[in-house]
Amino acid sequence: MEFTQEVRKATDPIYQKISKVMPEIEWSVHAPYIHKINKLKKEKNAVILAHNYQTPEIYHGVADFSADSLALAIEASKTSADIILMAGVHFMAETAKLMSPNKKVILPDMDAGCSLSSSITGKDVRLLKEKYPGVPVVSYVNTSAEVKAETDVCCTSANAVKIVKSLGTKRVIFLPDDYLAKYVASQTDVEIISWKGICIVHDQFNKKEIEDIRKNNPGIKIIAHPECPPDVIEASDFAGSTSGMIKYVKDNQPKKVMMVTECSMSDNIQIENPNVDFVKPCNMCPHMKKITLPKILDCLENETGEIIMDKETIDKARISVERMAAIGR
Ligand code: 13P
Ligand code: SF4
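Values in this document were obtained by computation on a predicted structure and should not be read as measured data. (Residues numbered from 1 in each chain as written. Chains lettered and ligands numbered in written order. Predicted model: local features only at pLDDT ≥ 70, side-chain atom pairs only at ≥ 80, totals over all residues. Heavy atoms only, no water.)

### Description of the sheet that holds strand β10 (residues 238-239)
Working step 1: In space, the four strands of this open sheet follow the order β10-β9-β11-β12, with parallel pairing throughout. Each edge of the sheet is formed by a strand with only one pairing partner; in this case those strands are β10 and β12 (277-279).
Working step 2: Across four bridges, the pairing between strand β9 (residues 221-224) and strand β11 (residues 256-260) is parallel. Its bridge partner lying in β11, Ala224 is registered against Val260. (Pairing = 2+ DSSP bridges. Helix = DSSP H or I, 4+ residues; strand = E, 2+ residues; numbered from the N terminus.)

What follows is the structure in structure tokens.
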């Protein structure tokens, strides 16, 4: 694809925004795709929902809405578009389908999975329910629709504590993220029965690394995602969902910050916070990174990667997501 004058003119306002994190030579490769995708979106009445971990050319170039998992699920239920393209991972596309069952939901790479989501099946949840009869099941949104269909209420990192507290029970089965379960347990009096799932990205951070960064950068604010190991969260100044972390930076404008999470977040947010100096950790999510502009274009052009599920699973799973949406952040 060629970087023509027409493409340059149409995409220059976007490049002006992101030039701080992207050399012009790289932009000349992305711009023709961005131009074509944005035109095609209008022609097809499609919307692109992007997770905060998508790369800057997707996040700032083609996304109509970018957010954390909770806001993406809510936005999917509200859109008037005919097609929802999920620039994110498989469970996010499934969740969008649950929230908008009559819409066409497409995912640019069906192999964009998640280590948390793949750690547990619907059968595992049924066995847990047999073992702990009457104990409500709270599942992190990073689960398959099949698991959500066995779940009482879903949650995300933005509202996990609130959801667990809202149930008013002494015990809760909380799955699949063991670290998030520990974080919730530390914030409530509820006994948490957890599952041994982990996020392969956040599990790579360790306390020593955080302490070293603090020592070498006096005054730095360190903010972590709740999928990190508990001692990393303890060593940080703040923990919150991806959107919670973004809000922290916007509201507090720290001189220097480190976001203890996936790489692309710092690039995306640096653009909107030019006065903040970012110390960038680089743990990349191999699943999120499967989504690229050429794959988005191909998916939108040919409407491939459609999420198809049976009605029973959709109906059962949707209830758990709707309950979460009703409780909110
Ligand atoms: P949130 O955007 O909900 O914080 O989730 C982070 C994540 O790991 C998504 O895959
Ligand atoms: Fe899953 Fe972790 Fe990747 Fe998010 S960052 S999609 S939780 S593997």
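### Topic: the pattern of salt bridges
Working step 1: Under the criterion given, the structure shown has 20 salt bridges.
Working step 2: In this structure, Lys208 and Asp212 form a salt bridge, with 2.7 Å as the shortest nitrogen-oxygen distance. Taken together, the residues Lys208 and Asp212, both in helix α10 (residues 207-216) and four residues apart, mark about one turn of the helix.
Working step 3: For Lys208, a relative accessible area of 53% translates into the label exposed. (Salt bridge = Lys/Arg side-chain N within 4 Å of Asp/Glu carboxyl O. Buried < 20%, exposed > 50% of the residue type's maximum accessible area, 1.4 Å probe, protein only.)

### Digging into the packing of helix α12 (residues 242-252) against helix α13 (residues 263-272)
Working step 1: Relative orientation of the contacting elements α12 and α13 amounts to 35°, with a least axis distance of 11 Å. As α12 packs across α13, the resulting crossing turns out to be right-handed. Facing Thr242, Met245, Ile246, Val249 and Lys250 of α12, the residues of α13 in contact are Met265, Ile269 and Glu272.
Working step 2: Residue composition of the contact of α12 with α13, grouped by class: five nonpolar, one polar and two charged. (Axes fitted to C-alpha atoms, helices over the stretch in contact; angles between N-to-C directions. Left-handed = near helix turned anticlockwise from the far one by under 90°. Contact = heavy atoms within 4.5 Å. Nonpolar A, V, L, I, M, F, W, Y, C, P; charged D, E, K, R; others polar.)

### A word on α13
Working step 1: Counting buried positions over the ten residues of α13 gives eight, a clear majority of the element.
Working step 2: Buried within α13 are the following residues: Cys263, Ser264, Met265, Ser266, Asn268, Ile269, Gln270 and Ile271.
Working step 3: In this structure, the buried residues of α13 make contact with α1 (5-18), α3 (56-59), α12, β11 and β12.
Working step 4: Where α13 begins, the capping side chain belongs to Glu262, and its oxygen is found 2.9 Å from the backbone nitrogen of Ser264. (Polar contact = N/O pair within 3.5 Å; in protein donor to acceptor, adjacent residues only side chain to side chain.)

### Things to note about the environment of His90
Working step 1: Along the chain, the position of His90 falls in helix α5 (residues 90-99).
Working step 2: Placed 27 residues apart in sequence, His90 and Ser117 show a C-alpha to C-alpha distance of 9.0 Å.
Working step 3: Those residues in contact with His90 that lie beyond four places of it in its chain are Leu107, Met110, Ala112 and Ile307.

### Notes on the state of the cysteines
Working step 1: By the definition in use, this model includes one disulfide.
Working step 2: Covalent S-S linkage joins Cys263 and Cys282, the inter-sulfur distance amounting to 2.2 Å. Residues Cys263 and Cys282 are joined by a disulfide whose S-S torsion is about 120°; by sign, that bridge is right-handed. Remark: Cys282 occurs in the loop between β12 and α14 (293-302) and Cys263 occurs in helix α13; sequence separation between them is 19 residues.
Working step 3: The cysteine Cys228 is free of any disulfide, with Cys199 supplying the nearest cysteine sulfur at 8.0 Å.
Working step 4: For Cys228, a relative accessible area of 0% puts it in the buried group. (Disulfide = S-S within 2.5 Å.)

### Structural notes on the environment of Met265
Working step 1: In this structure, Met265 sits in helix α13.
Working step 2: C-alpha separation for the pair Met265 and Ile200, spaced 65 residues apart in sequence, amounts to 16 Å.
Working step 3: Residue contacts for Met265: discarding those within four places in its chain leaves Asn52, Tyr53, Thr242, Met245, Ile246 and Met259.

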